[in-house]
Amino acid sequence: MQFKLNLIVGAAALSMAGAAFAQDVVRIGHVGPTSGGIAHLGKDNEFGARMAIDELNAKGVTIGGKKVKFELLAEDDAGDPKQGTAAAQKLVDSKVHGVVGHLNSGTTIPASRIYSDAGIPQISPSATNPKYTRQGFKTTFRVVADDVHLGQTLGKYAVTQLKGKTIAVIDDRTAYGQGVADEFEKGVKAAGGQIVAREFTNDKATDFTAILTSIKGKNPDIVFYGGMDAVAGPMLRQMKQLGINAKFMGGDGICTGELPKLAAGTMGDNQVYCAEAGGVEGEQKKTLDDFKARFKKKFGVDVQIYAPYVYDAVNVMVDAMVKAGSSDPAKYLPVLAKTQGYKGVTGVISFDEKGDIKNGALTLYTYKGGNRQQLAVVR
């Protein structure tokens with residue numbers, strides 16, 4: 001009898017000790033296209049999230065007096081709106097405490113309603129369509145500038161700096177591609193440039209002979225493409241084959257390290273110009289360079305484009321949880337909305353009343369020798 005009593009007491013003691021050392025689990029969702037034509041960009045984003053989660057767990061974070069363990073729930077939306085909403089619902093059903101994603105505006109916008117209905121905060125690191133934060137949802141945030149700034153800045157640059165007088169515009173009919181192309185066109189016209197052609201394709205297309213032949217007849221100084229690098233690369237190859245010598249421009253979707261490979265060596269120096277929705281200068285550049293070095297050491301690949309913004313988005317979300325003393329979305333959401341002056345690897349992050357980043361920067365690039373080279377940071 002005494003032996004049984006000792007066993008019961010011992011088991012109770014072990015159970016209490018286990019409870020004392022138990023960690024609360026905080027689940028953060030990430031969604032991006034990790035399959036399909038732009039999987040390299042989706043994996044880049046996912047790696048940024050994993051890096052943040054691993055570092056937070058290594059550091060040890062306490063929320064509301066309890067040590068927590070972070071778990072990343074990563075989903076693939078393949079850049080498809082239907083798959084994106086399915087992934088969003090899966091994360092909601094898994095009771096995630098917050099979501100970082102999606103990559104594309106076309107998946108981010110429909111998914112945002114699902115997160116809003118569930119009251120789950122969502123920070124997009126790369127969706128630039130203005131509509132995302134203009135739906136009246138209190139749960140939507142982004143850490144990059146939107147297409148109004150990006151597209152119109154590129155349009156002005158095309159006319160005033162690249163001296164483009166006649167410009168052709170192509171878009172892929174996605175929320176991102178058409179949106180950035182529309183804003184680019186506004187920027188061109190405001191700067192006194194002329195749009196001589198407006199064509200469209202889709203984000204899965206591989207043959208652009210018909211639209212490029214039509215454009216060739218207009219002899220434009222510049223061709224702008226609103227879409228992603230997986231389409232821009234083949235488009236550049238076919239422009240070369242057709243003898244179109246115009247400069248080529250695009251938004252952040254083409255502004256990647258993969259573009260020269262996708263173009264298969266057909267890009268000339270200073271032929272392609274693009275802008276990334278973000279950017280740092282001065283002392284902050286060293287912080288970002290240090291991040292990129294750690295990223296390559298950890299994953300064995302270079303940053304494509306938005307991994308640092310994903311990394312910052314995860315950390316901003318966790319910072320709000322810590323300040324609120326809770327990972328309950330209803331409790332930390334108001335604190336997240338009031339984020340001001342958070343110092344991330346991509347710069348200082350403050351949100352306005354819509355959830356947009358304040359004073360968002362753009363970085364303009366060109367390509368030389370197959371490598372992307374920074375031209376300027378514009379605010």
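This one's a predicted model, so the numbers in the text were calculated from it and none came from an experiment.

Draft legend 1. How the structure looks around the overall build of the protein chain. Check the secondary structure of the protein chain and you find twelve helices and 15 strands. Scaling as 2.2 N^0.38, a compact globule of 379 residues should have a C-alpha radius of gyration of about 21 Å, and the protein chain matches this with 23 Å. Taking the principal axes of the C-alpha coordinates as reference, the protein chain spans close to 95 × 40 × 35 Å. Each of the 379 residues in the protein chain was classed as buried or not, and the buried ones make up 54%. Residue pairs at least 24 apart in sequence account for 68% of intrachain contacts in the protein chain once pairs closer than 6 positions are excluded. Surface accessibility of the protein chain: about 16300 Å² in total, with carbon and sulfur atoms responsible for 52%. For the protein chain, the distance from the average site of its 46 positive side-chain charges to the average site of its 39 negative ones is 2 Å.

Draft legend 2. Examining the pattern of salt bridges more closely. By the definition in use, this model includes 22 salt bridges. For the salt bridge of Arg142 with Asp356, the shortest nitrogen-to-oxygen distance reads 2.6 Å. Linking Arg142 in strand β6 (residues 140-142) with Asp356 in the loop between β13 (347-349) and β14 (362-368), this pair joins segments that are 214 residues apart in sequence. Asp182 is the partner of Arg198 in a salt bridge, and the nearest nitrogen-oxygen pair spans 2.9 Å.

Draft legend 3. Spatial organisation of helix α11 (residues 307-324). Relative to the 26 Å expected for 18 residues at 1.5 Å per residue, α11 spans 26 Å between its end C-alpha atoms, a close match to the ideal helical length. Counting buried positions over the 18 residues of α11 gives 14, a clear majority of the element. Looking one or two residues past α11, Gly325 carries a phi angle of roughly 70 degrees, positive in sign.

Draft legend 4. The arrangement of the pairing of β14 in detail. Counting buried residues in β14 gives six out of seven residues, a clear majority hidden from the surface. Here strand β11 (residues 272-276) runs beside β14; their pairing, made up of four bridges, is antiparallel. If you follow Ala275 over to β14, its bridge partner there is Leu364. Where β14 and strand β15 (residues 371-378) come together, seven bridges link them in antiparallel fashion. What sits directly across from Thr366, in β15, is Gln373. The turn linking β14 back onto β15 is made up of two residues, and Gly369 within it adopts a positive phi angle of 55 degrees.

Draft legend 5. Seen up close, the confidence of the model for the protein chain. Per-residue pLDDT for the protein chain has a mean of 92; in total, 94% of the residues score no lower than 70. For residues 1-21, every residue scores under 50 in pLDDT, and the model assigns this stretch zero contacts once sequence neighbours within four places are set aside.

Draft legend 6. Examining the side chain of Ser112 more closely. Note that Ser112 resides in helix α4 (residues 105-118). Ser112 sits in the buried class, given a relative accessible area of 0%. Once residues within four sequence positions are removed from consideration, Ser112 is found in contact with Gln122, Tyr132, Gln135, Phe137 and Thr140.

Draft legend 7. The arrangement of the packing of aromatic side chains in detail. With the rule as written, the count across this model stands at nine aromatic pairs. An angle of 55 degrees between the planes, with centres 4.8 Å apart, marks the rings of Phe291 and Tyr311 as tilted. On the criterion of sequence distance, the pair formed by Phe291 in helix α10 (residues 283-299) and Tyr311 in helix α11 is long-range, its members being 20 residues apart. Of the two residues, Phe291 and Tyr311, both sit in the buried class. Through successive ring pairs, a cluster of aromatic residues spans Phe47, Phe291, Phe295, Phe299 and Tyr311. The ring of Phe200 has Arg173 lying over it, and the distance from NZ or CZ to the ring centre is 4.5 Å. The cationic tip of Arg372 hangs over the ring face of Tyr365; the distance from NZ or CZ to the ring centre is 3.8 Å.

Calculation criteria
Residues numbered from 1 in each chain as written. Predicted model: local features only at pLDDT ≥ 70, side-chain atom pairs only at ≥ 80, totals over all residues. Heavy atoms only, no water. Helix = DSSP H or I, 4+ residues; strand = E, 2+ residues; numbered from the N terminus. Rg over C-alpha atoms; globule rule 2.2 N^0.38 Å. Buried < 20%, exposed > 50% of the residue type's maximum accessible area, 1.4 Å probe, protein only. Contact = heavy atoms within 4.5 Å. Areas by Shrake-Rupley, 256 points an atom, 1.4 Å probe, with all protein chains shown as cover. Lys, Arg positive; Asp, Glu negative; His and termini not counted. Charge placed at Lys NZ, Arg CZ, Asp CG, Glu CD. Salt bridge = Lys/Arg side-chain N within 4 Å of Asp/Glu carboxyl O. Expected span 1.5 Å × (residues − 1). Pairing = 2+ DSSP bridges. pLDDT = per-residue confidence, 0-100. Phe/Tyr/Trp six-rings, centres within 6.5 Å; stacked < 30°, edge-to-face > 60°. Lys NZ or Arg CZ within 6 Å of the ring centre and 35° of its normal.

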